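# Survey of secondary and tertiary structure
Now for the letters of each chain:
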Amino acid sequence: MATILGQNQYGKAENRVVKITRDGDTHHIKDLNVSVALSGDMDDVHYSGSNANVLPTDTTKNTVYAFAKEYGIESAEQFGIHLARWFVGSQEPIQKARIRIEEYSWSRLATSDANSKFIGSDEVNHSFVREGQETRVTQITYDGTNWEVISGLKDLVVMNSTNSEFWGYVKDKYTTLKEAYDRILATQVSARWRFNWSDDEQRMPNWEKSYAETRKHMLQAFAETYSLSLQQTLYQMGSRIINHRSEIDEVRFSLPNKHHFLVDLEPFGLKNDNEVYFAADRPYGLIEATVLRDGVDARIPVDMTNL
């Protein structure tokens, strides 16, 4: 039976690059995990083993590190755009580049006043602690003409200790869950948002400001929504982003419901007045949805596992 080659790509995954920018005694850190995937005229290498059109994956790795030096890392998005443009523009067989980047945040360590008698607390601008709240992510795809930039975050854990209810749901013979009129609402946010910037003729967004503002609006919506369901909260988070950030047309969320169940303290003669909870890590409800600007088609994959 005859066979033919289908979609294919290759590259170097998870290139860890840390860029230190020294502004006198004040240092700045960008800590990225960069994955490169290239596709194009690659039939021969699969059919005959000819590497004539193959840029070695080791070269793509070297390019990541060289670009960190040559161009710096202004933002994950800007760095990915530099890489994608280079791979597609410099190698004729390469027709499409996809750059995926995770960014790990660091914050400055504060020094004690007691330290000042030795070196001066206001002089220590080079010590950092890795932040554990979330990982920033982006994916840049370029075909030589059109850009697609999807950014977001994962592993951002948030909680409302009140202003959340869950009642009026369908009940059948297997339902044991009691209705809740004052519950903890907690989730571990995984979100992706797609920019409407798609070609070099358009004004490029300010990537760093856009991320900070999008994150702010998302968290404000979570905090300010009196929630009757996690779905309602999700929609408010996405709507707040779309309504406040004109550069974004689509947002997709995956929100696991991190359940907190009241502990029965009656066997000990104690009343649990919404004070003591058991935090269950699994199983968990998983709420997922896309929020779109009206008139826009959805492009973010429904399954964001590898995005």
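For the structure itself, consult the block above.
Parameters and conventions
Residues numbered from 1 in each chain as written. Predicted model: local features only at pLDDT ≥ 70, side-chain atom pairs only at ≥ 80, totals over all residues. Heavy atoms only, no water. Helix = DSSP H or I, 4+ residues; strand = E, 2+ residues; numbered from the N terminus. Expected span 1.5 Å × (residues − 1). Buried < 20%, exposed > 50% of the residue type's maximum accessible area, 1.4 Å probe, protein only. Contact = heavy atoms within 4.5 Å. Phe/Tyr/Trp six-rings, centres within 6.5 Å; stacked < 30°, edge-to-face > 60°. Lys NZ or Arg CZ within 6 Å of the ring centre and 35° of its normal. Salt bridge = Lys/Arg side-chain N within 4 Å of Asp/Glu carboxyl O. Patch = residues over 30% accessible without salt bridge, like charges linked within 9 Å, V, L, I, M, F, W, Y side chains within 5 Å. Areas by Shrake-Rupley, 256 points an atom, 1.4 Å probe, with all protein chains shown as cover. Axes fitted to C-alpha atoms, helices over the stretch in contact; angles between N-to-C directions. Parallel < 35°, antiparallel > 145°, perpendicular 65-115°, else oblique. Left-handed = near helix turned anticlockwise from the far one by under 90°. Nonpolar A, V, L, I, M, F, W, Y, C, P; charged D, E, K, R; others polar. Pairing = 2+ DSSP bridges.

For helix α3 (residues 76-90), built from 15 residues, the straight-helix expectation of 21 Å at 1.5 Å per residue is met to within 8% by its first-to-last C-alpha distance of 21 Å. Taken residue by residue, α3 has Ala 76, Glu 77, Gln 78, Phe 79, Gly 80, Ile 81, Leu 83, Ala 84, Phe 87 and Val 88 as its buried positions. Those residues of α3 hidden inside the fold are in contact with β2 (26-40), α2 (57-70), β3 (94-104), β6 (135-142), β7 (147-160) and α4 (207-224).

Our focus in this paragraph is the packing of aromatic side chains. Two descriptors summarise a pair of aromatic rings, namely the distance from one centre to the other and the angle between the planes of the rings. Evaluated as defined, the whole model comprises nine aromatic pairs. Connected via pairs of aromatic rings, a cluster forms that spans Tyr 142, Trp 147, Phe 195, Trp 197 and Trp 207. Its end group placed over the ring of Tyr 169, Lys 171 keeps NZ or CZ at 4.6 Å from the ring centre.

Under the definition given, this model contains 17 salt bridges. With its nearest N and O atoms 2.9 Å apart, the salt bridge here joins Asp 249 to Arg 293. With a gap of 44 residues between them, Asp 249 in strand β9 (residues 248-257) and Arg 293 in the segment after β12 (285-292) connect regions that are remote in the sequence. Salt bridges here are not isolated pairs; linked through shared partners, they connect Lys 30, Glu 77, Glu 103, Arg 136 and Glu 208.

So, about a nonpolar patch on the surface. Taken together, the side chains of Trp 167, Tyr 181, Tyr 226 and Leu 228 make up a nonpolar region of the molecular surface, amounting to roughly 440 Å² of accessible area. One can find Tyr 226 in the loop between α4 and α5 (230-244). Residue Tyr 226 is classed as partly exposed on the basis of its relative accessible area, which comes to 41%.

Before going further, it helps to examine the packing of α2 against α3. The geometry of α2 relative to α3 is characterised by a closest axis approach of 11 Å and an angle of 130° between their N-to-C directions. Accordingly, the angle class assigned to the pair α2 and α3 is oblique. As for the relative orientation of α2 and α3, their crossing is right-handed in sense. Touching Thr 60, Thr 63, Val 64, Phe 67 and Ala 68 of α2 are Phe 79, His 82, Leu 83, Trp 86 and Phe 87, all from α3. In the contact of α2 with α3, the residues fall into seven nonpolar, three polar and no charged.

Within the secondary structure, Thr 145 is located in the loop between β6 and β7. Residue classification places Thr 145 among the exposed residues on the basis of a relative accessible area of 54%. For the pair Thr 145 and Lys 96, spaced 49 residues apart in sequence, the C-alpha separation works out to 9.7 Å.

Strands pair in a sheet through their backbones, by hydrogen bonds, and they do so in one of two ways: parallel or antiparallel. Pairing in this open sheet of eight strands is antiparallel, and the strands run β1-β2-β3-β6-β7-β8-β9-β12 from one edge to the other. Strand pairing shows two members of the sheet lacking a second neighbour, β1 (15-23) and β12, which therefore form its edges. Ignoring strand direction, the axes of neighbouring strands in this sheet form an average angle of 20°. Pairing geometry for β3 and β6, over seven bridges, is antiparallel. By the bridge assignment for β6, Ile 99 is matched with Ile 140. Seen against the sheet, α5 touches β8 (185-195), β9 and β12 and runs at an angle of roughly 155° to β9.

Here the residue pair Arg 282 and Pro 283 is connected by a cis peptide bond, since its omega of -10° sits within 30 degrees of zero. Mapped onto the elements of the fold, Pro 283 is located in the loop between β11 (277-279) and β12. Positioned with a positive phi, Asp 155 is a non-glycine residue whose angle comes to about 65°. Mapping Asp 155 onto the fold places it in strand β7. On the basis of relative accessibility, which here comes to 36%, the residue Asp 155 falls in the partly exposed class. Phi is positive for Asn 274, close to 55°, though the residue is something other than glycine.

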